[in-house]
Amino acid sequence: MLENYFPVLIFILVGIAVGGVMLLAGRVLGRHNPEPEKLSPYECGFEAFEDARIKFDVRYYLIAILFILFDIEVAFLIPWASILKEIAGNESIRLFGFFEMLVFLGVLIVGYIYVRKRGALDWE
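Please read these numbers as outputs of a predicted model, since none were measured by experiment.

Analysis parameters
- The residue numbering used here restarts from 1 in each chain and proceeds along that chain's sequence as written.
- The predicted origin of the model limits local features to residues at a pLDDT of at least 70 and limits the giving and counting of side-chain atom pairs to 80 or more, whereas totals for whole chains, interfaces and linings rest on all residues.
- Hydrogens and waters are ignored; side-chain quantities use all the structure's heavy atoms.
- In this description, a line fitted to the C-alpha atoms serves as the axis of each element, helices being fitted only across the stretch in contact, and the angle between N-to-C directions of two axes falls anywhere from 0 to 180 degrees.
- Numbering of helices and strands starts at the N terminus; helices are DSSP runs of H or I of at least 4 residues and strands are runs of E of at least 2.
- Reported orientations rely on four angle classes, namely roughly parallel under 35 degrees, roughly antiparallel over 145, roughly perpendicular from 65 to 115, and oblique for the rest.
- Whether a crossing is left-handed or right-handed is set by the direction in which the near helix is turned from the far one by less than a right angle, anticlockwise for left-handed and clockwise for right-handed.
- Two residues form a contact once any of their heavy atoms are found within 4.5 Å.
- Amino acids are sorted into nonpolar (Ala, Val, Leu, Ile, Met, Phe, Trp, Tyr, Cys and Pro), charged (Asp, Glu, Lys and Arg) and polar (every other residue, Gly among them).
- Only residues whose relative accessible area exceeds 30% and that form no salt bridge are eligible for patches; like-charged ones are grouped when within 9 Å, while nonpolar side chains (Val, Leu, Ile, Met, Phe, Trp, Tyr) are grouped when within 5 Å.
- The Shrake-Rupley method, run with a 1.4 Å probe, gives the accessible areas here. Residue values count only the displayed protein chains as cover.
- Within this document, salt bridges are pairs made up of a side-chain nitrogen of Lys or Arg and a carboxyl oxygen of Asp or Glu, the two lying within 4 Å of each other.
- Expected helix span is taken as 1.5 Å per residue step, with the number of steps being one fewer than the number of residues.
- Per-residue accessibility, obtained with a 1.4 Å probe over protein chains only, is compared with the maximum for each type, and a residue is labelled buried under 20%, exposed over 50%, and partly exposed between these values.
- Aromatic contacts are taken between Phe, Tyr and Trp rings whose centres are within 6.5 Å, Trp giving its six-membered ring; a plane angle under 30 degrees counts as stacked, one over 60 as edge-to-face, and the others as tilted.

Asks: Please clarify how the packing of helix H3 (residues 58-82) against helix H5 (residues 94-118) should be interpreted in this entry.
Replies: The relative placement of two packed helices comes down to the angle between their axes together with the axis-to-axis distance. Two elements in contact, H3 and H5, have axes separated by 12 Å at closest approach and are oriented at 165 degrees. Taken together, H3 and H5 sit at an angle that is classed as roughly antiparallel. As H3 packs across H5, the resulting crossing turns out to be left-handed. When H3 is examined against H5, the residues Leu66, Phe70, Glu73, Phe76, Leu77 and Trp80 are found in contact with a partner set consisting of Gly97, Met101, Phe104, Leu105, Leu108, Tyr112 and Val115. Split by residue class, the contact of H3 with H5 holds 11 nonpolar, one polar and one charged.

Asks: Looking at this structure, I do not really get a nonpolar patch on the surface. What am I missing?
Replies: A cluster of nonpolar side chains, contributed by Met1, Leu2, Tyr5, Val8, Phe11, Ile12 and Ile16, occupies part of the molecular surface with about 860 Å² of accessible area. Tracing the backbone shows Tyr5 in the segment before helix H1 (6-29).

Asks: What am I meant to see in H5 here?
Replies: An α-helical segment advances 3.6 residues per turn. Residues three or four places apart therefore align on the same side. When the terminal C-alpha atoms of H5 are compared, their 36 Å separation across 25 residues agrees well with the 36 Å that a helix rising 1.5 Å per residue should span. At its buried positions, H5 is contacted by H3 and helix H4 (84-89).

Asks: Explanation requested: the pattern of salt bridges in the structure shown.
Replies: Side-chain pairing between opposite charges can occur once the charged atoms of the two side chains come close. Scanning the entire structure with this criterion turns up one salt bridge. Across the pair Arg94 and Glu91 runs a salt bridge, and its minimum N-O distance is 3.4 Å. Look at Arg94 and you get partly exposed, because its relative accessible area is 36%.

Asks: What am I meant to see in the environment of Asp122 here?
Replies: Relative to the helices and strands, Asp122 resides in the segment after H5. We classify Asp122 as partly exposed; its relative accessible area is 40%. Considering only alpha carbons, one finds Asp122 and Arg59, 63 residues apart in sequence, at a separation of 9.4 Å.

Asks: What am I meant to see in the packing of aromatic side chains here?
Replies: Each aromatic ring pair is described using two quantities: the centre-to-centre distance and the angle formed by the ring planes. Tallied over the entire structure, the rule returns three aromatic pairs. Where Phe70 meets Tyr112, the ring centres are 6.1 Å apart and the plane angle is 75 degrees; that geometry is what we call edge-to-face. With Phe70 in helix H3 and Tyr112 in helix H5, this pair connects stretches of sequence that are 42 residues apart. The class for Tyr112 is partly exposed, based on a relative accessible area of 40%. Here Phe76 and Phe104 contribute two aromatic rings whose centre-to-centre distance is 6.2 Å and whose plane-to-plane angle is 90 degrees, an arrangement assigned as edge-to-face. One end of the pair, Phe76, is in helix H3; the other, Phe104, is in helix H5, and 28 residues separate them in sequence. The exposed category is assigned to Phe76, whose relative accessible area is 52%.

Written out as structure tokens, the structure is:
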């Protein structure tokens with residue numbers, strides 16, 4: 001039974017070997033001339049003025065979550081739009097496909113209105 005897993009083991013070993021060879025080749029063939037500017041931490045083009053462990057404002061996370069949410073919503077629209085001709089051509093699911101997308105877009109619009117009313121997208 002373990003012979004079935006032998007190709008997986010070979011795949012893992014080859015992957016580790018290729019990664020190791022690439023790291024070693026970069027170390028051996030690469031130029032090494034460290035300078036203070038290269039070794040300094042980069043933060044928006046100017047010297048760091050605070051500790052890196054400061055707390056971020058919650059609005060950054062809220063905007064990021066909202067972006068992911070609306071991005072996923074659009075990702076659900078693309079497959080539906082790509083089969084729209086098949087949905088419209090099939091008499092039995094034509095209305096179902098149309099109203100299903102109306103409900104989906106309705107939920108999206110209600111969520112957007114809720115977010116706007118709460119002021120989550122306003123940056124002060």
